[in-house]
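# An overview of the molecular structure
Residue-level listing of the chains:
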Amino acid sequence: MSIRISSIHKQFGTFTALDSVTLDFPRGELVALLGPSGCGKTTLLRIIAGLETADSGEVFLDGREASNSSVRERQVGFVFQHYALFRHMTVFENVAFGLRMKPRAERPSDSDIRRRVHELLDLVQLDWLAERYPAQLSGGQRQRIALARALAVEPQVLLLDEPFGALDAKVRKELRRWLRRLHDDLHISSIFVTHDQEEALEVADRIVVMNHGKVEQQGTPEEVYSHPASPFVYHFLGSVNFFHGRVEGNALQVGDTDLGPNDSEELNAGDHFVACSRPHELELVPADSASAGLLVKVSRLFRFGALARLELDGQGEQAGQIYEAEVPLTSVDALALQEGSLVRIRAGALRVFPAAAPDEVLATNPVAPVSVAPGPGLASAVNA
Amino acid sequence: MSLPRSRRVLPGFTPTLLWTLIWLTAVVLLPLSAVFLKASSLNAAAFADAAFSPRVLASYRLSFGASLIAASINTVFGVILAWNLVRYDFPGKRAVDALVDLPFALPTAVAGIALSALYSPNGWIGGLLAPFGIKVAFTPLGVLVALIFIGLPFVVRTVQPILEDFDTEYEEAAASLGAGRLATARHVILPALMPAVATGFAMAFARAVGEYGSVIFIAGNIPKVSEITPLLIITKLEQYDYAGATAIAAVMLVVSFILLLIINLLQARVAARGSRHA
């Protein structure tokens, strides 16, 4: 089923959860709604499911207006973050629930229900657990049973709310590969909510990045990772270094360092900007070299394999800024760098965005760029 | 003790177990065994005469029958009340919530006098019902009304916390699987509440069986019609027939114990289904 949502707005008191969001979900794709806690992704999913109603805007399912139809009528399968398996029913009864709730005329016979449930349990590879109760299952098993239960009613679209959020790292990895394979077999249109960029990049056909109730960017994983549309997307999908400064003449000026010519049409002389560069896009040049480059001090140096990862402290006007670089070990050795050495960095690739003011939130590099996405420890935090 | 020593995470198993046994013996078992001791001073014929005369048998029927009916009615309406208090916000909710506990706090005699004043043929409600030929006061129906009154809080107070913890996710899951509101209530919500409902039922029933003060005013105490067993015990005591009174009490104790045991076993079975661990 194709889904189109058109200028959806949702307000909780003074908090704007969704701010005129318009999106298209083509049939058969596995789409990730990615964003930090409170960005509105779960609210959007619940509005698509019919568990929540939007203040304004429309939801179209297969081109038909569905804003006023209830969750029962929408033919969606919903998988909850905490599974919501019925505790007093066996695994079998949980999966059979949707079939038993069908109107008498459409309800399959008992033997058909039994066959169908065992098919689904086979599909999630847990047929041997049919007579157990949910309390006797591990988190990963419960998640798969919840998925089987949602699939039992043959939904036109599958919606998953933080499907792997409450699982430990190893199980998450297994389950998301398994979900990807399942999707490739069933080709059912699916949308899943996640705050884990790695999960979104690895599993989804398409990623919708959200922030503050708005869509920041959408595209294939390759597109959003390689061509982020905003500093936020840069920051949210992987490690990034931010350089903030002003355009002077035709040069991108960070402090008294010239980062290169301004080739952005959005920026005029005098404008503030934020320039973004991934750690592996930085190059190191000698501190005493006359060629331009931002002067920094090596605060930490890790070597792994043929690469070195450096944490670099800004100097002078850039004091307090932390940069991260990933360079071939040979260039570290060529410069004889150690912790405490001074060096200059140059960006081999740089994306420049206009910035409102130099003290914008994102203008400061995170202290530990790797931990931008909340780790598994935070995974069970509830998404508003 | 010859049991193999195993380290327990929580300290204090032995002292708390000892104290539980001592306390139960002193507070519950000793007085109860006194009842049986006293009753055993009668020979079989005298015991049967005291405990199984037609008048006494009629009182058992009324006491246990009305208690079961009252507990059942309280179960149905207690669940509805708890649902309303947990799920909806309305002005005066706190006051309604406090009102539920009133039957706990009110001296039972006060409740009895108030109820008989209301339901007697010239009372507010009794006057309204009289033209339809419905008599409440001084009939078994009056006994039932009093027992419903005093048993009301039990089911509400046992179901309320369970319902508060019941995540709406389960209802949303049921709805997304195509279940209507009624089906959701029947197949998802009620089974989750069952253990608490059963506990509340048992407590309301136990309270109703033992109730005296609020019933005797409204019951009218007509022999074989609206006479409850506790009243018969008191009557015998007033006639200094201590052995006869304890004979009735002993029968009541045994029947109550058996009924509560059955309810508890049923409840344990229901509860086990929901939380079986590997």
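Reference entry: report on the structure contained in this document. For every chain, the first residue of its written sequence is number 1, and the numbers climb from 1 along that sequence. The order in which chains are written sets their letters, starting at A; the order in which ligands are written sets their numbers, starting at 1. Confidence filtering applies because this is a predicted model: local features only for residues at pLDDT of at least 70, side-chain atom pairs given and counted only at 80 or more, and all residues used for totals across whole chains, interfaces and linings. In computing side-chain values, all of the structure's heavy atoms are included and hydrogens and water are not.

### Details of the packing of helix H4 (residues 139-152) of chain A against helix H5 (residues 169-186) of chain A
Residues and elements named next belong to chain A. Quick note on the threshold: Axis lines are fitted to C-alpha atoms, over the contacting stretch for helices. Their N-to-C directions set the angle, which ranges from 0 to 180 degrees. Segments assigned H or I by DSSP are reported as helices when at least four residues long, segments assigned E as strands when at least two residues long, and all are numbered from the N terminus. When an angle is under 35 degrees it counts as roughly parallel; over 145 it counts as roughly antiparallel; between 65 and 115 it counts as roughly perpendicular; any other value is oblique. Note: crossing handedness is left-handed where the near helix turns anticlockwise from the far helix by less than a right angle, and right-handed where it turns clockwise. By definition in these notes, contact holds between two residues if any of their heavy atoms fall within 4.5 Å. Basically, the charged four are Asp, Glu, Lys and Arg, the nonpolar ten are Ala, Val, Leu, Ile, Met, Phe, Trp, Tyr, Cys and Pro, and anything else, Gly included, counts as polar.
Remark: H4 packs on H5, axes separated minimally by 11 Å, with the N-to-C direction vectors making an angle of 20 degrees. Taken together, the axis directions place H4 and H5 in an arrangement best described as roughly parallel. Taken as a pair, H4 and H5 cross one another with a handedness that is right-handed. Between H4 and H5, the residues in contact are Gly 140, Gln 143, Arg 144, Leu 147 and Leu 151 and Val 171, Leu 175, Trp 178, Leu 179, Leu 182 and Leu 186, respectively. Here the contact of H4 with H5 is built from residues that sort into 8 nonpolar, 2 polar and 1 charged.

### Points about the interface of chain B and chain A
This is how the line gets drawn: Put simply, buried area is how much 1.4 Å-probe accessible surface two parts lose in total, over both of them, once they are put together. When a carboxyl oxygen of Asp or Glu is within 4 Å of a side-chain nitrogen of Lys or Arg, the pair counts as a salt bridge. Polar contacts, as used here, are pairs of N or O atoms within 3.5 Å; protein pairs need one atom able to donate a hydrogen and one able to accept it. Residues neighboring in sequence count only if both atoms are side-chain atoms.
Between chain B and chain A, the residue contacts involve 21 residues of the former and 24 residues of the latter. Of the roughly 2100 Å² buried between chain B and chain A, counting both surfaces, carbon and sulfur atoms make up 62%. Summed over the three residues of chain B that lose the most area to chain A, namely Glu 169, Tyr 170 and Leu 177 of chain B, the buried surface amounts to 29% of that side. Counting across the chain B and chain A interface gives 1 salt bridge. Residue Glu 172 of chain B is joined to Arg 46 of chain A by a salt bridge in which the shortest nitrogen-to-oxygen separation is 2.6 Å. Along the contact surface separating chain B from chain A lie 3 residue pairs in polar contact (both at pLDDT 80 or more). Mapped by element, the contributors of at least two residues to the side of chain B that touches chain A are helix H9 (168-176), helix H10 (181-210) and helix H13 (242-274) of chain B. Ranked by the residues each element gives to the side of chain B that touches chain A, the list is headed by H9 of chain B, at 7 residues. Along the lines of polarity and charge, the residues of the side of chain B that touches chain A split into 11 nonpolar, 6 polar and 4 charged.

### Some details on the packing of aromatic side chains
Residue and element names in this part refer to chain A. The condition that has to hold: Aromatic pairing here means that ring centres of Phe, Tyr or Trp (its six-membered ring) are within 6.5 Å. Orientation follows from the plane angle: under 30 degrees is stacked, over 60 is edge-to-face, and everything else is tilted. Per-residue accessibility, obtained with a 1.4 Å probe over protein chains only, is compared with the maximum for each type, and a residue is labelled buried under 20%, exposed over 50%, and partly exposed between these values. Geometrically, a charge over a ring is one whose NZ (Lys) or CZ (Arg) sits within 6 Å of the ring centre while staying within 35 degrees of the ring normal.
For the structure shown, the criterion picks out 9 aromatic pairs over all chains. With centroids separated by 6.3 Å and ring planes inclined at 80 degrees, the aromatic side chains of Tyr 234 and Phe 353 adopt a geometry described as edge-to-face. Linking Tyr 234 in helix H8 (residues 231-236) with Phe 353 in strand S20 (residues 351-354), this pair joins segments that are 119 residues apart in sequence. Exposure remark for Tyr 234: the relative accessible area of 4% places this residue in the buried category. Here Arg 278 stacks its cationic end above the ring of Tyr 225, 4.4 Å away from the centre of that ring.

### Focus on the sheet that holds strand S6 (residues 76-79) of chain A
Across a sheet, paired strands are connected by hydrogen bonds in the backbone, their directions being either parallel or antiparallel. Residues and elements named next belong to chain A. Our working rule: By definition, two strands form a pair when at least two bridges between them are found by DSSP.
One open sheet holds the 6 strands; their spatial order is S6-S7-S8-S3-S9-S10, and the pairing between them is mixed. Two strands bound the open sheet, and with one partner strand each, they are S6 and strand S10 (214-219). The mean inter-strand angle of the sheet, taken between neighbouring strand axes irrespective of direction, is 15 degrees. Here strand S3 (residues 30-34) pairs with strand S8 (residues 189-194) via 5 bridges, running parallel. Residue pairing in the sheet places Val 31 in a bridge with Ile 191 of S8. Across the sheet, H4 is in contact with S6 and strand S7 (157-161); its angle to S6 comes to roughly 165 degrees.

Remember that the coordinates give geometry; whether it matters functionally is a separate question.
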